[in-house]
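# Report on the structure
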Amino acid sequence: MSSARSSDLSSGADLAFLLAQVGAHAAAQFAERLAPLKLLPPHAGILRAIGQSNGISQAALSERLGMFPSRLVVLLDALEERGLLERRSSPEDRRSHALHLTRAGQEMMQRIGRVAQEHRQALCAALDDAEQAQLAALLRRIAAEQELTAGVHPGYRKLGKGRPGGPDG
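Values in this document were obtained by computation on a predicted structure and should not be read as measured data.

Here is what the cut-offs are and how they apply
- Residues numbered from 1 in each chain as written.
- Predicted model: local features only at pLDDT ≥ 70, side-chain atom pairs only at ≥ 80, totals over all residues.
- Heavy atoms only, no water.
- Salt bridge = Lys/Arg side-chain N within 4 Å of Asp/Glu carboxyl O.
- Helix = DSSP H or I, 4+ residues; strand = E, 2+ residues; numbered from the N terminus.
- Buried < 20%, exposed > 50% of the residue type's maximum accessible area, 1.4 Å probe, protein only.
- pLDDT = per-residue confidence, 0-100.
- Contact = heavy atoms within 4.5 Å.
- Pairing = 2+ DSSP bridges.
- Patch = residues over 30% accessible without salt bridge, like charges linked within 9 Å, V, L, I, M, F, W, Y side chains within 5 Å.
- Areas by Shrake-Rupley, 256 points an atom, 1.4 Å probe, with all protein chains shown as cover.
- Lys, Arg positive; Asp, Glu negative; His and termini not counted.
- Charge placed at Lys NZ, Arg CZ, Asp CG, Glu CD.

### A word on the pattern of salt bridges
Close approach of charged atoms allows side chains of opposite charge to pair. Per the counting criterion, the structure on display carries four salt bridges. Taking the shortest distance from any N to any O, the salt bridge between Asp77 and Arg87 comes out at 2.9 Å. One end of the pair, Asp77, is in helix α5 (residues 69-81); the other, Arg87, is in strand β1 (residues 85-89), with ten residues separating them in the sequence. A salt bridge links Glu86 to Arg88; the shortest N-O distance between them is 2.5 Å. Take Glu86: its relative accessible area is 30%, and that puts it in the partly exposed class. Salt bridges sharing partners connect three or more residues here, namely Asp77, Glu80 and Arg87.

### Some points on the confidence of the model for the protein chain
Per-residue confidence for the protein chain gives a mean pLDDT of 87; residues scoring 70 or more make up 86%. Under a pLDDT of 50 for its full length, residues 161-169 has, in the predicted model, six contacts with residues more than four places off or in other chains.

### Notes on the pairing of strand β2 (residues 97-101)
Counting buried residues along β2, four of its five residues qualify, which places the element largely inside the surrounding structure. Relative to β2, β1 runs antiparallel, the two being bridged by five bridges. Pairing of Arg88 across the sheet is with Ala98, part of β2.

### So, a positive patch on the surface
A surface patch of positive charge is lined by Lys38, Arg82, Arg111 and Arg114. For Arg82, a relative accessible area of 38% translates into the label partly exposed.

### A word on a nonpolar patch on the surface
Together, Leu15, Phe17, Leu18, Leu19, Leu135, Leu139 and Ile142 make up an exposed nonpolar region whose accessible area comes to about 600 Å². Contributing elements (two or more residues each) for the nonpolar patch: α2 (15-34) and α7 (129-145). Of the residues forming the nonpolar patch, the biggest block, four residues, is contributed by α2. Here Leu135 shows up in helix α7. Residue classification places Leu135 among the partly exposed positions, given a relative accessible area of 35%.

Spelled out as structure tokens, the structure:
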């Protein structure tokens, strides 16, 4: 490796690449760990969001995730068919559906939590607890500066949104 290239690496020129590399690897590994539960990462994230905001409306969830409503409905239908969530008429607006985890959905969230814990341990095995806390704090600062919605994967915005060549993609 040339000294110029070595200097670029040590100065952080590859930091964005490393973030993307580790992020893509982490996403793929998490998907593999969820597979035995017969869930995709978007399903897990939707269950998590509903669990955090029990009774959230479909419209509010779509807005929070930055997701096209018709695409969200497809994912919600799949989760409802599995008995993991239920739609109830909203007490405030009967035209709106409030989303609630079922008992099976709550149990699935516990299973997802165990998978997520195993995933974090495997992914961060090279770091001690203090380094993990420092990395998390730094990544939260980057996410906040980039105006990312806390706790929401930016990939939801791409699920079923727009047309190729259109304004959204």
